[in-house]
Amino acid sequence: MSADPLAEALRRWGAARRRRGGVARDAQTLAERLDERGCAYGRVVGARLDDLAHAHDRLESKLNAILLAVAATFISTLVGMLVQALRGGG
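Note that residues are indexed from 1 along each chain, following the sequence as it is written. Per-residue local features of the predicted model are confined to residues with pLDDT of at least 70, and side-chain atom pairs are confined, for both listing and counting, to 80 or more; whole-chain, interface and lining totals are unaffected and use all residues. Neither water nor hydrogens contribute to the side-chain values; these are computed over all heavy atoms in the structure.

**A closer look at the overall build of the protein chain**
- When you go through the protein chain residue by residue, the secondary structure sums to three helices and zero strands.
- With a 1.4 Å probe rolled over the protein chains alone, any residue whose accessible area is under 20% of its type maximum counts as buried; one over 50% counts as exposed, and the rest are partly exposed. In the protein chain, which comprises 90 residues, the share counted as buried stands at 8%.
- As presented, the protein chain carries roughly 7700 Å² of accessible surface, and 63% of it is formed by carbon and sulfur atoms. Strands here mean DSSP runs of E at least two residues long; helices mean DSSP runs of H or I at least four residues long; both are numbered from the N terminus. Areas reported as accessible are Shrake-Rupley estimates using a 1.4 Å probe. Residue values count occlusion only from the protein chains shown.

As structure tokens, this is what we get:
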């Protein structure tokens, strides 16, 4: 058995097409169709990578919100202390 299952499947498919009167380039057509639509493994990996990218974007948004809240709290406290110092309440 071949180490490459895709090559084995293409060879069997090509042999079946030749027995039915097809041409050898049909195997190339099958390979091109697989490249256009992608195999099941490629589609699953692509979907998982899309999910991972989406999760990364959500995590980044949450971290940005936390950092914004911390920075806003720090700045508002600093402005409050500055206003109190300028009023002479310090």
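**Digging into the pattern of salt bridges**
- Take a side-chain nitrogen of Lys or Arg and a carboxyl oxygen of Asp or Glu: if they are within 4 Å of each other, that pair is a salt bridge. Applying the stated criterion across every chain, the model contains two salt bridges.
- Between arginine 48 and aspartate 51 there is a salt bridge whose closest N-O contact spans 3.4 Å. Of this pair, arginine 48 and aspartate 51 both sit in helix 3 (residues 40-86), separated by three residues, roughly a single helical turn.
- With a relative accessible area of 53%, arginine 48 lands in the exposed category.
- A relative accessible area of 45% means that aspartate 51 is categorised as partly exposed.

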